[in-house]
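Residue-level listing of the chains:
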Amino acid sequence: MKQVVSIALAVSALIVALPASAQFQKPEDAVKYRQSALSLMGAHFSRLGAMANGRVPFDAKVAQDNAALVETLSKLPWPAFVAGSDKVSNTKAKPEIWSDHGKFTQASENMMAEVAKLSTVAKTGNLDQIKVAFGNAAASCKACHDNFRQ
Ligand code: ASC
């Protein structure tokens, strides 16, 4: 039994350690994956935006749940920007993602940091602070889109 557990642990460690590209059989799969993650992130971010902008009544629990989802989802797209996946027909990803990769990574890390702050702030239930954190997070989304999305 102990041996079975250690083998299982070794196998799962190996799976986690596999290079990101190995998760995708073809570039199209990587594009679909990152578009799905970003689309879900946008959906949950918009629900927060509706409250931050006063379009729907503020509900602290809904804000907190959506901010937590955005934070989790924000971690997903990046390994799916695999080399060669700017050649897929339906992608808006610019070649600069790969040619200026340091700047792209910096922009993605900045966005992850801003949405993590938003999630922390959402737990306080303070709408004024949420509005500020939402604005900063939205700016971090836009900064990346301006430079790296067609
Ligand atoms: C959203 C969404 C984005 C960002 C961006 C912020 O709700 O889908 O991509 O906000 O528009 O500037």
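Overview of the structure.

Scoring rules and cut-offs
Residues numbered from 1 in each chain as written. Predicted model: local features only at pLDDT ≥ 70, side-chain atom pairs only at ≥ 80, totals over all residues. Heavy atoms only, no water. Disulfide = S-S within 2.5 Å. Buried < 20%, exposed > 50% of the residue type's maximum accessible area, 1.4 Å probe, protein only. Helix = DSSP H or I, 4+ residues; strand = E, 2+ residues; numbered from the N terminus. Expected span 1.5 Å × (residues − 1). Arc of directions from axis to C-beta. Core = buried A, V, L, I, M, F, W, Y, C linked by side-chain atoms within 4.5 Å. Contact = heavy atoms within 4.5 Å.

### Re the state of the cysteines
Two cysteines form a disulfide when their sulfur atoms are joined by a covalent bond.
Part 1 of the reasoning: Overall, the coordinates contain zero disulfides when judged by the stated rule.
Part 2 of the reasoning: Here cysteine 141 is not disulfide-linked; the sulfur of cysteine 144 is the nearest cysteine sulfur, at 8.7 Å.
Part 3 of the reasoning: Overall, the relative accessible area of 10% leaves cysteine 144 in the buried class.

### So, helix α5 (residues 101–122)
Part 1 of the reasoning: A rise of 1.5 Å per residue sets the reference length of α5, with its 22 residues, at 32 Å; its end C-alpha atoms lie 31 Å apart and thus fit the reference within 8%.
Part 2 of the reasoning: When we look at burial in α5, the residues that qualify are Phe104, Ala107, Ser108, Met111, Glu114, Val115, Leu118, Ser119, Val121 and Ala122. Down the axis, α5 shows its buried residues gathered within 165 degrees of arc, on one side only. With respect to the buried face of α5, the exposed residues turned more than 90 degrees away are Gly102 and Thr120.

### A few points about the nonpolar core
Part 1 of the reasoning: Leu48, Phe104 and Leu118 are the most contacted members of the largest nonpolar core, which totals 26 residues.
Part 2 of the reasoning: The set of elements that each furnish at least two residues to this core consists of α2 (27–52), α3 (60–73), α5 and α6 (127–148).
Part 3 of the reasoning: The leading source of residues in this core is α5, at seven residues.
Part 4 of the reasoning: Ignoring sequence-local partners within four residues, the contact set of phenylalanine 104 consists of Trp78, Phe81, Ile97, Cys144 and Phe148.

### Thoughts on the environment of leucine 118
Part 1 of the reasoning: Mapping leucine 118 onto the fold places it in helix α5.
Part 2 of the reasoning: Residues leucine 118 and glycine 135, 17 residues apart in the sequence, show an inter-C-alpha distance of 9.4 Å.
Part 3 of the reasoning: Excluding residues within four positions of it along the chain, leucine 118 makes contact with Phe45, Leu48, Ala67, Ile130, Ala133, Phe134 and Ala137.

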